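The lines below spell out each chain.
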Amino acid sequence: MSVITTRREGEVLVVTSNNPPVNALGQAVRAGLADAMAEAAGDDAIQAVVICCEGRTFFAGADITEFGKPPVGPSLPEVIDAIEASAKPVVAAIHGTALGGGLEVALGCHYRIAVASARLGLPEVKLGILPGAGGTQRLPRVVGVAEALPMIVTGNPIPAAQAGKIGLVDKLVAEDGLAESGVAFARSVIGKADHPVSSKRTDKIGEIPSDSDFFDEFRKTQMRRLKGFEAPEACIEAVKAAIDLPYEEGVKKERELFGKLVTGTQSKALRHVFFAERAAAKIDGIPADTPVLPVKKVGILGAGTMGGGIAMNFLTAGYAVTILEREQEALDRGVSIIRKNYERSAAKGRFTADQVERAMGLLTPTLDMNDLADCDLVIEAVFENMDVKKDVFRKLDGIVKPGAILASNTSYLNVDEMAAETKRPGSVLGLHFFSPANVMRLLEIVRAAKTEPAVLKTAMDLAKKIGKVAVVSGVCFGFIGNRMLSPRQRAAQAMLLQGAKPWDVDKALTDFGMPMGPFQMSDLAGLDLGWDKANSKSETIRDVLCERDRRGQKTGKGFYDYDENRRPSPSKEVEAIIDEFAAKSGLEQRVFSQDEIRERLLFPMINEGAKILEEGMAQRASDIDTVWINGYGWPAYTGGPMFWADTIGLDKVVAGLKAHAAASGAEPDICKLLEDKAAKGETFN
Ligand code: HSC
Ligand code: NAD
């Protein structure tokens, strides 16, 4: 059956798209829409047209899989121009998400109606491009620049009610019977003298001149979000063109900017990120009919840094949570931090006071492990110590109902060993959240040797429900993310002994787009994490820093000095300590370029990533990219570490690793998979 069908409701032609899963505007859909418009034009009995979609959503945009392939007509702009040129009014009837090209189709229509649950947006910028089918020119004309600019530059969709307020939607209609509502609306406009044509509107576009401060003010508020990305600035330029140029010329400008972006590296990388996140949700070796186990009540052990944040994820999503601590004081502290975090978010407008109370009302604090007996899932976030973890698993196994899932939030430890303490190893897995757990999107799901498929599938399902991006990892020290952090830390330390300063090292990574470098990260985490005070013998730079109470941000100083606002500055004392160690090492002191620092930090990570793949600890290279982008702030516009390695060339990475090893007088430890791929000219993705 054709993806586009038409049917007549009296004098109204109803055009329906059925192209699952999201009605992407692929070639067949575009051709079908063009045919339908021709059908309407050629039939005197037809006086209006309704465009709607079957399935879960209105058109969710252009078909992203077609980018980078030779275009096959009709193009989306041609189809939308044909819709807009129709002498008979066209009504878009929107449900689900009208996104990107989907919203551009709707903007080409003369009228838009939507159900209240619908959302409308132009998310192209998140794919490193801009709306290329007239969206940057039509949206400002329809809603004004002040409303259009944030939608185009941030890519965030708006709810239908707001779209109604700003004039993007003409009428909100009932959730059921959308096509019928469309027909009724169409009938109500038949016979009107003029139907609004988005590209010809002039009533709102003059409100903000293109040289107004508005654009600079907007840039300032979005600074952090825009840093390093090329597409947002192009979006701003396109919107300015909408103000300054006649529509036809503005469209030309838009097309030119789109063409440049879509062929660029950033857009390729961001499209990779889009598909990588979705691929990560697919697990090898799990039959499609594997059931998802019911989870209603969640137990959490430990109300410390992680336990509290983990609890918030579930509370926000509406799960009942019981949180366990050893002592009343720690329990009270944990619960009050959860409340404070919610209240802070409410103050920023992210929650209403009611939502805060509803979430807090779902939380049961306890000191008695027996209260976890009826939980469907229990996650432990107690100290990172195998004996403590084993003890917890043994006890939980005896208390929590049979069939319930037991999970560890361990950062490094062996989940198989914990599972072995229980009589239900099939129900044990790792759920590794990232700090702050209520904010970071990544969840590493650690598949232990005996984890059952249903348990794994349930965890993947839960991750989606609490808004996380989940990636499956095998059991190895540090799993995917932290395991790759270790060689980076070693490389950073080694450079200190050869003349680099912590701030030079960190700068190479922040310039690359990471939120912080290795030494800023150590200062944030605390240098004394795992440091043995009693046995410290001033053997490493870290030992000396901790001995002098330079333990990181929490003591006001670490590798850096911090002021009262936690702003870092280079430290003379640290420089002197490093110089002393460097002199003792006998290594030659030299100046490192920022390029060399970056390569020395990042190439060993790629090598480790390749080992992770070779050992089957990650299912695919793109999973590693997803981990680093969502768990550690790796800049998405480079596509993640493995994609980035592909873009610079694996042969270059191997050559770099060899050169760095030679410079340090060490044997290079290069992963065979990486070396083989480099030799064959292959890539990871
Ligand atoms: C665009 O529209 C550019 C335009 O300006 C036109 C430019 C024309 C220029 C011409 C110049 C001459 N395409 O996310 P889910 C797949 S750019 C292809 O899990 P959900 C997805 O991969 C586009 N495939 O579902 C997955 O496949 P799998 C702007 C797409 O319910 C499956 O659908 N639009 C696709 O959680 C389910 O996806 C966007 O960026 C697409 N556009 O969320 C919207 N969209 O099953 C992107 C999805 O094989 N999409 N797929 O893994 C989304 O944000 C989400 O998919 C939804 C649904 C919110 C729609
Ligand atoms: P934390 O010290 O802040 O909290 C641990 C809490 O567990 C403490 O409040 C302690 O009183 C409590 N606790 C200890 N034994 C208990 C028991 N038997 N029953 C109930 N409560 C008990 O530590 P954290 O940073 O939250 O780390 C917890 C776990 O999460 C560790 O395994 C850690 O490796 C992991 N993790 C930490 C981070 C991070 O950045 N902090 C990130 C990811 C994972």
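Residues numbered from 1 in each chain as written. Chains lettered and ligands numbered in written order. Predicted model: local features only at pLDDT ≥ 70, side-chain atom pairs only at ≥ 80, totals over all residues. Heavy atoms only, no water.

**What about the overall build of the protein chain?**
Link 1 in the chain: Scanning the protein chain from terminus to terminus reveals 27 helices and 19 strands.
Link 2 in the chain: Relative to its length of 685 residues, the protein chain is compact, with a C-alpha radius of gyration of 28 Å against a globular reference of 26 Å.
Link 3 in the chain: Along the first, second and third principal axes, the C-alpha set of the protein chain runs to 90 × 60 × 50 Å.
Link 4 in the chain: With 685 residues in all, the protein chain has 54% of them scored as buried.
Link 5 in the chain: Long-range pairs, those at least 24 residues apart, make up 72% of the contacts in the protein chain with a sequence separation of at least 6. (Helix = DSSP H or I, 4+ residues; strand = E, 2+ residues; numbered from the N terminus. Rg over C-alpha atoms; globule rule 2.2 N^0.38 Å. Buried < 20%, exposed > 50% of the residue type's maximum accessible area, 1.4 Å probe, protein only. Contact = heavy atoms within 4.5 Å.)

**Concerning the site of ligand 2**
Link 1 in the chain: The immediate surroundings of ligand 2 are formed by 19 residues, with Met306, Glu325, Glu384, Lys389 and Ser411 found nearest.
Link 2 in the chain: Take Thr305: an N or O atom from its main chain is 3.0 Å from an oxygen atom of ligand 2.
Link 3 in the chain: Glu384 is positioned such that a nitrogen or oxygen atom in its side chain is 2.6 Å from an oxygen atom of ligand 2.
Link 4 in the chain: For ligand 2, whose accessible area on its own is 820 Å², the fraction buried by protein is 78%. (Near = heavy atom within 4 Å. Polar contact = N/O pair within 3.5 Å; in protein donor to acceptor, adjacent residues only side chain to side chain. Areas by Shrake-Rupley, 256 points an atom, 1.4 Å probe, with all protein chains shown as cover.)

**Describing the sheet that holds strand E16 (residues 442-446)**
Link 1 in the chain: Taking strand neighbours across the sheet as the criterion, the eight strands line up as E12-E11-E10-E13-E14-E15-E16-E17 in an open arrangement whose pairing is mixed. Among the strands making up the open sheet, the edge pair consists of strand E12 (363-366) and strand E17 (469-473). Taken pair by pair, the neighbouring strands of this sheet meet at an average axis angle of 25°, ignoring direction. (Pairing = 2+ DSSP bridges. Axes fitted to C-alpha atoms, helices over the stretch in contact; angles between N-to-C directions.)

**Regarding a positive patch on the surface**
Link 1 in the chain: A cluster of basic residues, Arg56, Arg278, Lys282 and Lys464, forms a positive patch on the protein surface.
Link 2 in the chain: By secondary structure assignment, the location of Lys464 is in helix H17 (residues 453-465).
Link 3 in the chain: Owing to a relative accessible area of 71%, Lys464 belongs among the exposed residues under this scheme. (Patch = residues over 30% accessible without salt bridge, like charges linked within 9 Å, V, L, I, M, F, W, Y side chains within 5 Å. Salt bridge = Lys/Arg side-chain N within 4 Å of Asp/Glu carboxyl O. Lys, Arg positive; Asp, Glu negative; His and termini not counted. Charge placed at Lys NZ, Arg CZ, Asp CG, Glu CD.)

**Examining the pairing of strand E15 (residues 428-433)**
Link 1 in the chain: The buried fraction of E15 is high, at six of six residues.
Link 2 in the chain: For strand E14 (residues 405-408) and E15, the ladder comprises three bridges, and the chain directions are parallel. Residue pairing across strands places Ala407 opposite Leu429, the latter belonging to E15.
Link 3 in the chain: With four bridges joining them, E15 and E16 adopt antiparallel strand pairing. Bridge pairing in E16 links Gly430 to Val446.

**Section: the UniProt feature "domain: 3-hydroxyacyl-CoA dehydrogenase C-terminal" (unreviewed entry) in the protein chain**
Link 1 in the chain: On the UniProt side, "domain: 3-hydroxyacyl-CoA dehydrogenase C-terminal" (unreviewed entry) is annotated at positions that read residues 478-562 and 599-682 here.
Link 2 in the chain: Secondary structure across residues 478-562 divides into 49% helix and 4% strand, with the first and last C-alpha atoms of the span separated by 29 Å.
Link 3 in the chain: Taken end to end, residues 599-682 is 70% helix and 0% strand, and its two terminal C-alpha atoms sit 20 Å from one another. (UniProt positions renumbered as here; feature names shortened; annotations may be inferred.)

**Things to note about the nonpolar core**
Link 1 in the chain: With 88 residues, the main nonpolar core has Leu33, Ile51, Phe59, Ile94, Leu120, Leu139 and Leu168 as its most contacted residues.
Link 2 in the chain: Broken down by element, this core gets its largest block of residues, eight residues, from helix H9 (residues 231-244).
Link 3 in the chain: Counting 69 residues, the second largest nonpolar core, distinct from the first, contains Leu509, Phe519, Leu613 and Tyr637. (Core = buried A, V, L, I, M, F, W, Y, C linked by side-chain atoms within 4.5 Å.)

**Looking at helix H25 (residues 641-648)**
Link 1 in the chain: Counting buried positions over the eight residues of H25 gives six, a clear majority of the element.
Link 2 in the chain: Listed in full, the buried residues belonging to H25 are Pro641, Met642, Phe643, Trp644, Ala645 and Asp646.
Link 3 in the chain: Each element contacted by the buried residues of H25 is listed here: helix H11 (265-280), helix H18 (481-496), helix H19 (502-512), helix H23 (594-614), helix H24 (621-632) and helix H26 (650-663).
Link 4 in the chain: After H25 finishes, the residue Gly649 shows a positive phi value of roughly 105°.

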